[in-house]
Amino acid sequence: MSTYLLVHGAWHSGRCWERVVPLLTAAGHRVLAPTLTGYGDTAHLLGPEVGLDTHVDDIVRLITEEDLTDVVLIGHSYAGLVILSAANQVPERIGQLVYLDAMVPEDGESAADVMPFAQAMIDHALTSESGWRIPPLAGMESSSDLFGITEPADVAWLRSMMSDQSVRCLQQPVRLDNPAVNAIPRTHIHCVANVPEGITRRPVPAIQPNGTPAQVWELETGHDCMITMPAELTELLLKVG
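Because the structure is predicted, anything quoted here is derived from the model rather than measured.

S.K.: Looking at this structure, how should I read the overall build of the chain?
M.R.: Summing up its helical and strand segments, the chain has 9 helices and 8 strands in all. The C-alpha atoms of the chain give a radius of gyration of 17 Å, which matches the 18 Å a tight globule of 241 residues would have. With the C-alpha coordinates of the chain rotated into their principal frame, the extents come out at 45 × 40 × 35 Å. The contacts in the chain between residues at least 6 apart in sequence include a share of 75% that link residues at least 24 apart.

S.K.: Looking at this model, I keep getting lost on the sheet that holds strand β1 (residues 3–7). Mind explaining?
M.R.: Hydrogen bonds between backbone groups are what pair the strands of a sheet, and the pairing can be parallel or antiparallel. Taken in spatial order, the 6 strands of this open sheet run β2-β1-β3-β4-β7-β8, and their pairing is parallel. At either end of the open sheet lies a strand with only one pairing partner, and these are β2 (30–32) and β8 (215–219). The sheet shows a mean angle of 20 degrees between the axes of neighbouring strands, taken without regard to direction. Two strands pair when backbone bridges link them, and β1 and β2 are joined in this way by 3 bridges, in the parallel orientation. Bridge assignment links Thr3 to a residue of β2, and that residue is Arg30.

S.K.: Looking at this structure, how should I read helix α3 (residues 79–89)?
M.R.: Since the α-helix packs 3.6 residues into each turn, any two residues three or four apart lie on the same face. Across the 11 residues of α3, 10 count as buried, placing the element largely inside the fold. Residues of α3 that are buried include every one of Ala79, Gly80, Leu81, Val82, Ile83, Leu84, Ser85, Ala86, Ala87 and Asn88, and no others.

S.K.: I'm lost on unusual backbone geometry in this one. Help?
M.R.: Excluding glycine, a negative phi dihedral is what most residues carry, and trans is how most peptide bonds are arranged. If you check the backbone angles, Asp67 has positive phi at about 55 degrees while not being a glycine. The residue Asp67 is located in the loop between α2 (52–65) and β3 (71–76) in this model. The exposure class assigned to Asp67 is exposed, which follows from its relative accessible area of 53%. Within the chain, Asn194 stands out as a residue other than glycine whose phi angle is a positive 55 degrees. On the secondary structure map, Asn194 appears in the loop between β7 (186–191) and β8.

S.K.: What exactly am I supposed to notice about the side chain of His190 here?
M.R.: Residue position: His190 is located in strand β7. Among residues more than four places away in sequence, those in contact with His190 are Asp101, Arg201, Val204, Val216, Trp217, Glu218 and Leu219.

S.K.: Help me understand empty space enclosed by the protein, please; the structure alone is not making it clear to me.
M.R.: A water-sized probe, rolled over the atoms, reveals where empty space remains. The full count for this structure, using the stated rule, is 1 cavity of 30 Å³ or more. Taken as a whole, the largest cavity spans an internal volume of roughly 490 Å³. If you trace the largest cavity, you find 32 residues lining it, with Ser77, Phe117, Phe147, Ile199 and His223 closest to the centre. Split into classes, the residues belonging to the lining of the largest cavity amount to 18 nonpolar, 11 polar and 3 charged.

S.K.: Explain the environment of Thr35 to me, please; I cannot follow it from the model alone.
M.R.: Note that Thr35 resides in the loop between β2 and α2. Considering only alpha carbons, one finds Thr35 and Leu97, 62 residues apart in sequence, at a separation of 19 Å. In this structure, Thr35 is in contact with His8, Ser13, Gly14, Gly40, Asp41 and Thr42, ignoring residues within four places of it in sequence. A distance of 2.9 Å separates a polar side-chain atom of Thr35 from the backbone nitrogen of Gly14.

S.K.: For this particular structure, what's the right way to read the pairing of β1?
M.R.: In summary, the side chains of a regular strand alternate between the two faces of the sheet. In terms of residue burial, β1 counts as a mostly covered element, since 5 of its 5 residues are buried. Across 5 bridges, the pairing between β1 and β3 is parallel. Its bridge partner lying in β3, Leu5 is registered against Leu73.

S.K.: What is the right way to look at the packing of aromatic side chains in this model?
M.R.: Centre-to-centre distance and the angle between the planes together describe a pair of aromatic rings. Evaluation of the coordinates by the stated rule reveals 1 aromatic pair. Ring centres of Trp11 and Phe147 lie 6.0 Å apart, and the angle between their planes is 40 degrees; on these two criteria the pair is classed as tilted. With a gap of 136 residues between them, Trp11 in the loop between β1 and α1 (21–26) and Phe147 in the loop between β5 (133–134) and α6 (152–161) connect regions that are remote in the sequence. Residue classification places Phe147 among the buried residues on the basis of a relative accessible area of 11%. Here Lys239 stacks its cationic end above the ring of Trp217, 5.7 Å away from the centre of that ring.

S.K.: Sorry if this is basic, but what is going on with the environment of Gln96 here?
M.R.: Mapped onto the fold, Gln96 is located in strand β4 (residues 94–100). For Gln96, a relative accessible area of 12% gives the class buried. As a C-alpha pair, Gln96 and Asn182 span 86 residues in sequence and 11 Å in three-dimensional space. Excluding residues that lie within four positions of it along the chain, Gln96 makes contacts with Val71, Val72, Leu73, Ile184, Pro185, Arg186, Thr187 and Val240. For Gln96, the side chain forms a polar contact with the main-chain nitrogen of Arg186, separated by 3.5 Å.

About the thresholds
- Residues numbered from 1 in each chain as written.
- Predicted model: local features only at pLDDT ≥ 70, side-chain atom pairs only at ≥ 80, totals over all residues.
- Heavy atoms only, no water.
- Helix = DSSP H or I, 4+ residues; strand = E, 2+ residues; numbered from the N terminus.
- Rg over C-alpha atoms; globule rule 2.2 N^0.38 Å.
- Contact = heavy atoms within 4.5 Å.
- Pairing = 2+ DSSP bridges.
- Axes fitted to C-alpha atoms, helices over the stretch in contact; angles between N-to-C directions.
- Buried < 20%, exposed > 50% of the residue type's maximum accessible area, 1.4 Å probe, protein only.
- 1 Å grid on protein atoms, 1.4 Å probe; cavity = no way out; pocket = protein on both sides within 12 Å on 5 of 7 lines; lining within 4 Å.
- Points joined across faces, edges and corners; volume = space filled by probe spheres on them.
- Nonpolar A, V, L, I, M, F, W, Y, C, P; charged D, E, K, R; others polar.
- Polar contact = N/O pair within 3.5 Å; in protein donor to acceptor, adjacent residues only side chain to side chain.
- Phe/Tyr/Trp six-rings, centres within 6.5 Å; stacked < 30°, edge-to-face > 60°.
- Lys NZ or Arg CZ within 6 Å of the ring centre and 35° of its normal.

Keep in mind that these numbers describe shape and distance, not what the molecule does.
What follows is the structure, given as structure tokens:
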């Protein structure tokens, strides 16, 4: 039995994994899909002080309180920053990092460094009435669909769980000061259909930090593959675990 810890991206909540969790569970694995502070049913906790560090603390606390070990830690989108920062704090508890169409930072980088389009969201927030709040897809109003989702029922379901995030999430840098994090195997899953204009992905180095060849898989779907291709995503995650 493996332990899968699924970490959602910006504006989403742990509910976005509802189609994946039962598939992993049916295969005999333990699965956790928490909602990060300030999103979903914790949206009332959102404030300007909530940032990347808050979400890293959420994950590290869950791992330690549940005494999780050999965790398959999956981060979607913005959560690529979260999972790597969390692994930096508790590398001995992480068996695998999975970047699911995710940001992959270097030490000292923020979301805006990894994905320059995030700067438009930061500027939008800083000049807004609140001065810190980022609604879903702020600054990306030209997007023709919702995170690659076009099915009306799925769009409605996703909108029902979405909430704002704090600009601090995109501004705080990742801190990678524990060399042990480099020993953790990494897998990258890229969603390669319906990529919005202006979104660029950094090439994955052929050799990962632990010295092994890169493992990169692709899904022919949009960004929110856990909603559009849950079975196919689960199949890949089972190969990791």
